[in-house]
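Coordinate analysis (summary)
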Amino acid sequence: MEKKELRQFIRNIKRQFSEAELSELSLDVISRLFLHPRVSAAETLLAYYSLPDEVDTHKALFTWTSEGKTVLLPHVVDGERMELRAYSPTEDMQEGAFHIMEPTGARYTLLENIDVAIIPGMAFDTAGNRLGRGRGYYDRLLARLSPHTYKIGICFPFQKVDSLPHSSFDVPVDEVI
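A short tour of the structure in this document, coming up. (Residues numbered from 1 in each chain as written. Predicted model: local features only at pLDDT ≥ 70, side-chain atom pairs only at ≥ 80, totals over all residues. Heavy atoms only, no water.)

**Quick word on the overall build of the protein chain**
Helices and strands together make up the secondary structure of the protein chain, namely five helices and 12 strands. Taking 2.2 N^0.38 as the reference for a compact globule, 177 residues should give roughly 16 Å; the C-alpha atoms of the protein chain span a radius of gyration of 15 Å, in line with that estimate. By its C-alpha atoms, the protein chain is 40 × 35 × 30 Å across when sized along the principal axes. A sequence separation of at least 24 residues applies to 68% of the contacts in the protein chain between residues at least 6 apart. (Helix = DSSP H or I, 4+ residues; strand = E, 2+ residues; numbered from the N terminus. Rg over C-alpha atoms; globule rule 2.2 N^0.38 Å. Contact = heavy atoms within 4.5 Å.)

What follows is the structure, encoded as structure tokens:
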């Protein structure tokens, strides 16, 4: 299956679930993240503020910041780039590109300090290859991260496939939950 067809296939599966069912499926994924030794030990996490059809990260973001971790979220700058900004539950969030909530704080540039990156995707395969939404934002961001940053893809079980089409521009994750 080509990337475009696979994205549509996954979208169609997601539509079969109610928001409550996706929220329930999210609990298992997030619970596994909380128990993950790399996440537990991390001081600085890159994560994402989930859309309704993604694994729900909202409570996890709050928990990690309350534990004293630095939590970074992407902020879309333009049609090519994302930058990172620190998330704080007490700071303002605003709707950014693609109707994704983004922090309004200062730009974070110490990419070498990111211990763990928690990455969304439309699908992941057994080798850690990721299928995104098609604009390449995360691939460009992941390519800029330090080699020591441990990348964890998170998704619903039905988003895991045996194999994905991928190119040299695609950046795989280290593990999929």
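**Considerations on the pattern of salt bridges**
For side chains of opposite charge, pairing can occur when their charged atoms come near one another. Here the structure, examined in full by the defined rule, presents seven salt bridges. Across the salt bridge formed by D170 and K3, the nearest N and O atoms sit 3.1 Å from each other. Remark: K3 occurs in helix α1 (residues 3-14) and D170 occurs in the loop between β11 (160-161) and β12 (175-176); sequence separation between them is 167 residues. Assessed through its relative accessible area of 13%, D170 is described here as buried. With a closest N to O distance of 2.9 Å, R85 and E83 form a salt bridge. (Salt bridge = Lys/Arg side-chain N within 4 Å of Asp/Glu carboxyl O. Buried < 20%, exposed > 50% of the residue type's maximum accessible area, 1.4 Å probe, protein only.)

**Re the sheet that holds strand β9 (residues 130-131)**
Spatial strand order, β9-β8-β11: three strands in an open sheet with mixed pairing. In the strand order of this sheet, the two ends are held by β9 and β11, each with one partner. Strand direction decides the pairing type here: strand β8 (residues 123-125) and β9, joined by two bridges, are antiparallel. By the bridge assignment for β9, A123 is matched with L131. (Pairing = 2+ DSSP bridges.)

**With respect to the side chain of H75**
Tracing the chain through its elements places H75 in strand β2 (residues 70-76). When its relative accessible area of 12% is taken as the criterion, H75 is described as buried. Polar side-chain contacts of H75 include one of 2.6 Å to the side chain of E102. Not counting residues within four places of it along the chain, the set of residues in contact with H75 comprises R81, M82, E83, R85, E102 and P103. (Polar contact = N/O pair within 3.5 Å; in protein donor to acceptor, adjacent residues only side chain to side chain.)

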